[in-house]
Amino acid sequence: MRVDIISIFPDYFAPLELSLIGKARTTGLLDLSVHDLRTWTSDVHRTVDDTPYGGGPGMVMRPEPWGQALDAVGPGTLVVPSPVGKPFTQADAYELAALEHLIFACGRYEGIDQRVIDDAASRMPVREVSLGDYVLFGGEVAVIVIMEAITRLLPGVLGNADSLTEESHAAGLLEAPVYTKPASWRDREVPDILRSGDHGRIARWRRDQSLSRTASRRPDMMAAYPLDHLDKADRKA
Ligand SMILES: COC(=O)c1cc2cc(CO)sc2[nH]1
């Protein structure tokens with residue numbers, strides 16, 4: 001997978017050189033390039049922003065540098081983190097992980113001139129995505145989050161792909177609690193069932209835990225959970 005990130009703060013992406021994402025880059029699973037938007041400015045001050053038409057506080061990112069940057073690195077699927085975007089979900093992570101070329105545009109100030117998005121949409125797929133109902137200084141941190149969600153889904157990145165099947169949101173439920181040694185810690189015991197060696201009962205216990213956790217913490221997910229995935233034993237849980 002090829003990824004291009006365009007930002008006025010390219011140093012923000014140093015974390016993408018670490019750990020499993022860094023490994024994905026060195027092994028060639030991920031071809032990631034970070035670009036400084038100012039590369040595509042032509043004035044001596046390398047200006048990327050200007051005052052908003054219609055007035056209002058702050059500054060808006062100028063269209064010219066963005067247009068030239070996207071011409072240079074595109075075409076691909078343009079992903080723009082934004083408070084006005086579609087809520088990003090694990091399903092979106094899977095969709096993006098299956099694509100050949102992603103381009104991330106990191107907004108700053110009050111945002112990017114709308115014509116940049118509209119112009120890009122005339123020649124490549126564009127997705128504006130939100131990570132949640134809160135506001136950040138810009139898109140950079142959101143890109144790091146999205147890049148982690150995507151990269152871990154790339155074949156070969158996670159040592160044990162089984163982790164992907166049991167994790168939260170993979171099967172539409174929150175995952176069960178996890179435990180490791182010691183069996184007793186500060187007078188708190190690991191549930192006996194998990195030490196029974198009875199893998200059928202352990203699977204049932206974990207599923208019951210997932211269902212009750214999801215029902216209590218995320219009723220919205222429970223409502224969306226396909227009823228035919230619930231067997232009659234689940235319905236009693
Ligand atoms: C100028 O601000 C941005 O470009 C910006 C991008 C994002 C992404 C957020 C999380 O959904 S909040 C936010 N602000």
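Just so we're clear, the structure is a prediction, and the values are computed from it rather than from any experiment.

Reading the values: rules and limits
Residues numbered from 1 in each chain as written. Predicted model: local features only at pLDDT ≥ 70, side-chain atom pairs only at ≥ 80, totals over all residues. Heavy atoms only, no water. pLDDT = per-residue confidence, 0-100. Patch = residues over 30% accessible without salt bridge, like charges linked within 9 Å, V, L, I, M, F, W, Y side chains within 5 Å. Areas by Shrake-Rupley, 256 points an atom, 1.4 Å probe, with all protein chains shown as cover. Salt bridge = Lys/Arg side-chain N within 4 Å of Asp/Glu carboxyl O. Helix = DSSP H or I, 4+ residues; strand = E, 2+ residues; numbered from the N terminus. Buried < 20%, exposed > 50% of the residue type's maximum accessible area, 1.4 Å probe, protein only. Core = buried A, V, L, I, M, F, W, Y, C linked by side-chain atoms within 4.5 Å. Contact = heavy atoms within 4.5 Å. Pairing = 2+ DSSP bridges. Axes fitted to C-alpha atoms, helices over the stretch in contact; angles between N-to-C directions.

Engineer: Is there a simple way to explain the confidence of the model for the chain in this structure?
Structural biologist: Close reading of the predicted structure is inappropriate where its pLDDT is low. A residue-level look at the chain finds 99% of positions with pLDDT of 70 or above and a mean pLDDT of 94. For this predicted complex, the interface confidence comes out at an ipTM of 0.91, alongside a pTM of 0.92.

Engineer: I tried to follow a nonpolar patch on the surface on my own but got confused; where do I start?
Structural biologist: A cluster of nonpolar residues, Phe9, Tyr12, Tyr134, Leu136, Val141 and Val145, forms a patch on the protein surface that exposes about 510 Å² of accessible area. Mapped onto the elements of the fold, Leu136 is located in the loop between β7 (126–130) and α5 (140–151). On the basis of relative accessibility, which here comes to 39%, the residue Leu136 falls in the partly exposed class.

Engineer: I keep staring at the nonpolar core and nothing clicks. Help me out?
Structural biologist: Side chains of a nonpolar character, in soluble globular proteins, are inclined to be buried together. Val3, Ile5, Leu16, Leu30, Leu102, Phe104 and Ile150 are the most contacted members of the largest nonpolar core, which has 28 residues in total. Those elements that provide at least two residues to this core are β1 (2–7), α1 (19–26), α3 (90–97), β6 (101–105) and α5. The greatest single-element share of this core, amounting to six residues, is contributed by α5. Not counting residues up to four positions away in its chain, the partners in contact with Leu30 are Met1, Val3, Ile21, Ala24, Arg25, Met147 and Thr151. Ranked by size, the runner-up nonpolar core spans 19 residues in total, among them Val48, Ala69, Val80 and Met124.

Engineer: Would you mind showing me how to read the sheet that holds β1 here?
Structural biologist: Think of a sheet as strands paired side by side through backbone hydrogen bonds, with each pair either parallel or antiparallel. Spatially, the five strands line up as an open sheet ordered β2-β1-β6-β5-β7, and their pairing is parallel. Whereas interior strands pair on both sides, the edge strands pair on one side only; in this sheet they are β2 (31–36) and β7. Between one strand and the next, the sheet's axes are offset by a mean angle of 30°, whatever the strand orientation. Taken together, the six bridges between β1 and β2 define a ladder with parallel strand orientation. Looking across to β2, one finds that Ser7 is bridged to Asp36. The strands touched by α5 are β1, β5 (77–87), β6 and β7; relative to β6, the strand with the most contacts, the crossing angle is about 160°.

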